[in-house]
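So the chains spell out like this:
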Amino acid sequence: NAGVTQTPKFRILKIGQSMTLQCTQDMNHNYMYWYRQDPGMGLKLIYYSVGAGITDKGEVPNGYNVSRSTTEDFPLRLELAAPSQTSVYFCASSYRTSGPLEQYFGPGTRLTVT
Amino acid sequence: AQTVTQSQPEMSVQEAETVTLSCTYDTSESDYYLFWYKQPPSRQMILVIRQEAYKQQNATENRFSVNFQKAAKSFSLKISDSQLGDAAMYFCAYLGDTNAGKSTFGDGTTLTVKP
């Protein structure tokens, strides 16, 4: 199993540009998450999904959009990039049955907006 | 909303010694899950230990153990026989049982291990 994969690993955007961060998991997990981590800080939840076709906002959703058309994929869309979106982005997944198990994280995408 | 507080931005420990990292949280839920994650310089998030709130027994994983005080809403991590490879940023995380999608992380504690 590859686990959780994210592409790209690094990206530089100009202000106002848009891009999609890709996330794929091959563990058949029902829950998927997107976080951002600013320098020296913890992870902030952007969006999450409890299954295909179902998404919900986290703590810091403004400026982002998500979709979940399949169990495996959970792309994060940045529209009109701003310098405040410079951060490291992590995708994670977990499998919930009777209780939430731990999250498995991807390697992260370092995004710089200039 | 749930909050997670790690009051120690930085900690240091001598190799082979024991160190305790603090975490407190605030929630109105009765059932929930708590985690400690390790993030080395590689940036990869690695699960260290997990605790279910309904279990009174403290979780243990080899050299890592927790002191879970549900009434005090405290969840500290003890690392015994510290090794150089333990140097990393450590995050405390909360997941509620009613809405396991909304996880909350603390701001982290950077642990330095001195040889």
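As shown above, the structure is provided for reference.
Okay, so let's go over this structure. (Residues numbered from 1 in each chain as written. Chains lettered and ligands numbered in written order. Predicted model: local features only at pLDDT ≥ 70, side-chain atom pairs only at ≥ 80, totals over all residues. Heavy atoms only, no water.)

## Overview of the pattern of salt bridges
Residues and elements named next belong to chain B. Selection rule: Only one rule defines a salt bridge in this text: a Lys or Arg side-chain nitrogen within 4 Å of an Asp or Glu carboxyl oxygen. Three exposure classes are used, based on accessible area relative to the maximum for each residue type with a 1.4 Å probe and protein chains only: buried under 20%, partly exposed in between, and exposed over 50%.
Considering all chains together, one arrives at 7 salt bridges over all chains under this definition. The salt bridge involving Glu52 is made with Arg50; its shortest N-O contact spans 2.9 Å. Of the charged contacts in the structure, one is a salt bridge between Glu52 and Lys55, with a shortest N-O distance of 3.9 Å. Owing to a relative accessible area of 10%, Glu52 belongs among the buried residues under this scheme.

## Some details on the side chain of Gln103(A)
Our working definition: Numbered from the N terminus, helices here are DSSP runs of H or I no shorter than four residues, and strands are runs of E no shorter than two. Counting of polar contacts relies on pairs of N or O atoms within 3.5 Å, with two restrictions inside protein: one atom must be capable of donating a hydrogen and the other of accepting it, and residues adjacent in sequence are counted only when both atoms are side-chain atoms. Only heavy atoms matter for contacts: two residues are in contact if any of them lie within 4.5 Å across the pair.
Mapped onto the elements, Gln103(A) comes out in the loop between strand E9 (87-94) and strand E10 (104-105). Separated by 2.7 Å, the side chains of Gln103(A) and Tyr35(A) make a polar contact. In contact with Gln103(A), not counting residues within four places along its chain, are Tyr33(A), Tyr35(A), Ala92(A), Ser93(A), Ser94(A), Tyr37(B), Leu95(B), Ser103(B) and Phe105(B).

## A look at the nonpolar core
Residue and element names in this part refer to chain B. For the record, the criterion: The nonpolar core is taken to be a set of buried Ala, Val, Leu, Ile, Met, Phe, Trp, Tyr and Cys residues, with the residues joined through side-chain atoms within 4.5 Å.
With 25 residues, the main nonpolar core has Tyr25, Trp36, Phe75, Leu77 and Tyr90 as its most contacted residues. Every element with two or more residues in this core is listed here: strand E3 (19-21), strand E5 (32-39), strand E6 (46-52), strand E8 (64-69), strand E9 (74-79), strand E10 (88-96) and strand E12 (109-114). No other element matches E10, which puts 4 residues into this core.

## Topic: the interface of chain B and chain A
It is common to give the size of an interface as the accessible area lost on bringing the parts into contact. Here is the rule: By buried area we mean how much accessible surface two parts lose on assembly, using a 1.4 Å probe and totalling the loss over both.
Contacts between the two partners involve 23 residues from chain B, matched on the other side by 29 residues from chain A. Across the chain B to chain A interface the summed buried area is about 2000 Å²; carbon plus sulfur atoms make up 51%. When the buried surface of chain B facing chain A is broken down by residue, Arg43(B), Phe105(B) and Asp107(B) rank first, second and third, together holding 28% of it. Our count for the contact surface shared by chain B and chain A stands at 6 residue pairs in polar contact (both at pLDDT 80 or more).

## Overview of the sheet that holds strand E1 (residues 4-7) of chain A
All names here are of chain A. Selection criterion: Whether two strands pair depends on DSSP finding at least two bridges between them. Every axis in this analysis is a line fitted to C-alpha atoms, fitted for helices over the stretch in contact. Angles between the N-to-C directions lie between 0 and 180 degrees.
Pairing in this open sheet of 4 strands is antiparallel, and the strands run E1-E3-E8-E7 from one edge to the other. Two strands close off the open sheet at either side, each with one partner strand: E1 and strand E7 (64-66). Taken over all neighbouring pairs, the strand axes of this sheet differ in orientation by 20 degrees on average, direction set aside.

## Some words on the packing of aromatic side chains
Spelled out, the test is: Think of it this way: a Phe, Tyr or Trp ring, Trp meaning its six-membered ring, pairs with another when their centres are within 6.5 Å, and the plane angle makes it stacked under 30 degrees, edge-to-face over 60, tilted otherwise.
Counting across every chain of the model gives 15 aromatic pairs over all chains. Look at Phe105(A) and Tyr37(B): their rings are 5.4 Å apart centre to centre, the planes differ by 85 degrees, and that puts the pair in the edge-to-face class. Placement of the pair is Phe105(A) in strand E10 and Tyr37(B) in strand E5, with the two residues belonging to separate chains. Residue Tyr37(B) is classed as buried on the basis of its relative accessible area of 1%. Within the aromatic cluster, the residues linked to one another by ring pairs are Tyr31(A), Tyr33(A), Tyr35(A), Phe90(A), Phe105(A), Phe35(B), Tyr37(B) and Phe105(B).

## Brief notes about the pairing of strand E4 (residues 31-37) of chain A
All names here are of chain A. Taken across its 7 residues, E4 has 7 buried, putting it largely inside the fold. Burial along E4 is two-sided: Tyr31, Tyr33, Tyr35 and Gln37 facing one way and Met32, Trp34 and Arg36 facing the other are all buried. With 7 bridges joining them, E4 and E9 adopt antiparallel strand pairing. When the sheet's bridge partners are listed, Arg36 is paired in E9 with Tyr89. Pairing of E4 with strand E5 (residues 43-51), which is carried by 6 bridges, proceeds in the antiparallel orientation. Its bridge partner lying in E5, Trp34 is registered against Tyr47. What sits between E4 and E5 in their antiparallel hairpin is a turn of 5 residues, with Gly40 showing a positive phi close to 70 degrees.

## Remarks on the pairing of strand E11 (residues 109-113) of chain A
Residues and elements named next belong to chain A. Burial of the side chains of E11 is restricted to one face: Thr109, Leu111 and Val113 are buried, whereas none of Arg110 and Thr112 on the reverse face is. In this structure, E9 lies alongside E11, joined through 3 bridges in antiparallel fashion. The residue bridging Ser87 from the neighbouring strand is Leu111, located in E11.

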